Amino acid sequence: MIDLRSDTLTQPTEAMRAAMAVAPVGDDVYGEDPTVRALEERVAGLFGKEDAVFTPTGSMANVLAVRTLVGVGQEVLCESLAHIARAELGAHAAFTGLTMRTWWHPRGGVDLPQIQRLFAPDMGVYFVPTRAVSVENTHNFGGGSIAPIEDLLALRSWADETGIGVHIDGARIWNAHVASGTPLTAYGDVADVLAVCLSKGLGAPVGSLVVGSRDAMAETRVWRKRMGGGMRQVGILAAAGLHALDHHVERLAEDHAHARLLAEAIGVDPAGVETNIVVAEREDAPSYVARAAEAGVRISAVGPRTVRLVTHLDVPRADAERAAAVLSGL
């Protein structure tokens, strides 16, 4: 079975398991795990930020990151299919008391005129004020689309003028970096805070990080503990992230090439596939998914008429070609 449901399905490589097995550890709640600190310092440096906080999940990282900018009863603006709005089960409202409003973009991108129309200044006790804009890069349900750095810079400039923050949901920002050539520091420059994931394209078994200022990360450590995310000898997991950063970033280009191959096989213009996600319309998505599984290829239905395919570390070229042959025959 070739599994294209998600890039979260990857198995740790033997080399990654070996790195995990020998990782020096300590109690991270006390701030004494050397491998966690090494990972946090490295990721903070990659994005040009002062500090980072290791979290067990991407959803927790997003909740913690947005919370640094948006308080109780305030709002964050995001695209209508953003992960924070659609796929985190209302966690932001449930745990931190914020609200959301959304703009729409066919590929999940930044639409500054729409954002400007949605923006609500602080008008006292009568209206909810906008405190931040969240951008997902790459955009999952937008088919792995990349937010162009020019759009992000324009958003940053306007956010500075209006006095609000910018959050980047960078679960797959490594894919955006490799595909576009945009330096990670450039993404760090446009965001006050980022959430980045290690367990998708990079192939680690678990883990994300919140990345931002030293003061914001100190507060984030408190909130991580409050949400049940304080972990002890977690350097074993952080070691997987360090290994992934050393060995699994540049190879993401292979996943992107495999995604274009699959796109062509199912009638999607490969020129529109920027990274490792292919989204396609089918008249009956559940039926299509079932028939693909019967033929040995697992994909996802992400709507009644929408399917998604995701390439990753555990799908080599031969498997991508075989999956393309199967899907082209459905």
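A brief structural summary. Fair warning: this is a prediction, and the values are worked out from it, not measured in the lab.

Criteria and cut-off values
Residues numbered from 1 in each chain as written. Predicted model: local features only at pLDDT ≥ 70, side-chain atom pairs only at ≥ 80, totals over all residues. Heavy atoms only, no water. Helix = DSSP H or I, 4+ residues; strand = E, 2+ residues; numbered from the N terminus. Rg over C-alpha atoms; globule rule 2.2 N^0.38 Å. Contact = heavy atoms within 4.5 Å. Areas by Shrake-Rupley, 256 points an atom, 1.4 Å probe, with all protein chains shown as cover. Lys, Arg positive; Asp, Glu negative; His and termini not counted. Charge placed at Lys NZ, Arg CZ, Asp CG, Glu CD. Pairing = 2+ DSSP bridges. Axes fitted to C-alpha atoms, helices over the stretch in contact; angles between N-to-C directions. Buried < 20%, exposed > 50% of the residue type's maximum accessible area, 1.4 Å probe, protein only. Disulfide = S-S within 2.5 Å. Expected span 1.5 Å × (residues − 1). 1 Å grid on protein atoms, 1.4 Å probe; cavity = no way out; pocket = protein on both sides within 12 Å on 5 of 7 lines; lining within 4 Å. Points joined across faces, edges and corners; volume = space filled by probe spheres on them. Nonpolar A, V, L, I, M, F, W, Y, C, P; charged D, E, K, R; others polar. Salt bridge = Lys/Arg side-chain N within 4 Å of Asp/Glu carboxyl O. Patch = residues over 30% accessible without salt bridge, like charges linked within 9 Å, V, L, I, M, F, W, Y side chains within 5 Å.

### Quick notes on the overall build of the protein chain
Turning to step 1, where the next piece is worked out: Within the protein chain one finds 14 helices and twelve strands.
Turning to step 2, where the next piece is worked out: The globule rule puts the C-alpha radius of gyration for 330 residues at 20 Å, and the 20 Å found for the protein chain is close to it.
Turning to step 3, where the next piece is worked out: When its C-alpha atoms are laid out on the principal axes, the protein chain stretches across 60 × 50 × 35 Å.
Turning to step 4, where the next piece is worked out: For the protein chain, restricting intrachain contacts to residue pairs at least 6 apart in sequence, the fraction spanning at least 24 positions comes to 74%.
Turning to step 5, where the next piece is worked out: Total accessible area computed for the protein chain in this model is approximately 13,400 Å², and 54% of it derives from carbon and sulfur atoms.
Turning to step 6, where the next piece is worked out: Each charge class in the protein chain can be summarised by its mean position, and for the 29 positive and 40 negative side chains these summaries are 4 Å apart.

### Re the sheet that holds strand β7 (residues 193-197)
Turning to step 1, where the next piece is worked out: Ordered by their spatial adjacency, seven strands build an open sheet running β2-β8-β7-β6-β5-β3-β4, and the pairing between neighbours is mixed. Whereas interior strands pair on both sides, the edge strands pair on one side only; in this sheet they are β2 (51-55) and β4 (99-103). Pairwise comparison of adjacent strand axes, ignoring direction, gives a mean angle of 20 degrees for this sheet.
Turning to step 2, where the next piece is worked out: Here strand β3 (residues 75-79) pairs with β4 via five bridges, running parallel. When the sheet's bridge partners are listed, C78 is paired in β4 with T102.
Turning to step 3, where the next piece is worked out: Where helix α8 (residues 173-180) meets the sheet, its contacts fall on β6 (165-170) and β7, and the angle it forms with β7 comes to roughly 90 degrees.

### Quick word on the pairing of strand β8 (residues 208-212)
Turning to step 1, where the next piece is worked out: Here β8 lies mainly inside the structure; five of its five residues are buried.
Turning to step 2, where the next piece is worked out: A two-sided burial pattern is seen for β8, the buried positions comprising S208, V210 and G212 on one face and L209 and V211 on the other.
Turning to step 3, where the next piece is worked out: The pairing of β7 with β8 spans four bridges and is classified as antiparallel. When the bridges of β8 are listed, L194 appears paired with V211.

### Focus on the state of the cysteines
Turning to step 1, where the next piece is worked out: For the structure on display, the rule yields zero disulfides.
Turning to step 2, where the next piece is worked out: Left unpaired, C78 is separated from the closest cysteine sulfur, that of C197, by 18 Å.
Turning to step 3, where the next piece is worked out: The exposure class assigned to C197 is buried, which follows from its relative accessible area of 3%.

### With respect to helix α7 (residues 149-162)
Turning to step 1, where the next piece is worked out: The end-to-end C-alpha separation of α7 is 20 Å, in line with the 20 Å expected for 14 residues at 1.5 Å each.
Turning to step 2, where the next piece is worked out: Taken as a whole, α7 has its buried residues at I149, L152, L155, R156, W158 and A159.
Turning to step 3, where the next piece is worked out: The inward-facing, buried residues of α7 abut α6 (112-118), β5 (130-136), β6 and α9 (184-190).
Turning to step 4, where the next piece is worked out: Positive backbone phi, approximately 80 degrees, marks G163, located one or two places after α7.

### A short note on empty space enclosed by the protein
Gaps between atoms show up when a probe of the same size as a water molecule is rolled over them.
Turning to step 1, where the next piece is worked out: For the coordinates displayed, the defined rule picks out one cavity of 30 Å³ or more.
Turning to step 2, where the next piece is worked out: One number sums up the size of the largest cavity: a volume of about 50 Å³.
Turning to step 3, where the next piece is worked out: Forming the walls of the largest cavity are H83, E136, T138, N140, D169, A171, R172 and K200.
Turning to step 4, where the next piece is worked out: The residue inventory of the lining of the largest cavity, partitioned by class, reads one nonpolar, three polar and four charged.

### What to know about the pattern of salt bridges
Turning to step 1, where the next piece is worked out: For the structure shown, the criterion picks out 20 salt bridges.
Turning to step 2, where the next piece is worked out: Two residues, E40 and R37, come together in a salt bridge whose shortest N-O distance is 2.4 Å. Within this pair, E40 and its partner R37 are both found in helix α2 (residues 34-46), separated by three residues, close to a single helical turn.
Turning to step 3, where the next piece is worked out: Classification of E40 as buried rests on a relative accessible area of 0%.
Turning to step 4, where the next piece is worked out: Residue R37 is classed as partly exposed on the basis of its relative accessible area, which comes to 22%.
Turning to step 5, where the next piece is worked out: A salt bridge links D192 to R156, with the shortest nitrogen-to-oxygen separation between them at 2.9 Å. Here D192, found in the loop between α9 and β7, pairs with R156, found in helix α7; they are 36 residues apart in sequence, far enough to count as distant.
Turning to step 6, where the next piece is worked out: Judged by relative accessible area, which is 11%, R156 ranks as buried.
Turning to step 7, where the next piece is worked out: Taken together, the shared-partner salt bridges connect R37, E40, E41, D51 and R221 into one network.

### Let's talk about a nonpolar patch on the surface
Turning to step 1, where the next piece is worked out: A cluster of nonpolar side chains, M123, V125, Y126 and F127, forms an exposed patch at the surface whose accessible area comes to about 540 Å².
Turning to step 2, where the next piece is worked out: Position of V125 relative to the elements: it lies in the loop between α6 and β5.
Turning to step 3, where the next piece is worked out: Looking at V125, the relative accessible area reads 77%, which means it is exposed.

### A closer look at the layout of surface pockets
Turning to step 1, where the next piece is worked out: Each pocket or cavity is described by its volume, and for the largest pocket that value is around 200 Å³.
Turning to step 2, where the next piece is worked out: Around the largest pocket, the lining comprises 16 residues; the ones closest to its centre are F141, G142, G143, V279 and T306.
Turning to step 3, where the next piece is worked out: Sort the elements by how many residues they give to the lining of the largest pocket and strand β9 (residues 277-281) lands first, with four residues.
Turning to step 4, where the next piece is worked out: For the lining of the largest pocket, the class distribution of residues is eight nonpolar, four polar and four charged.

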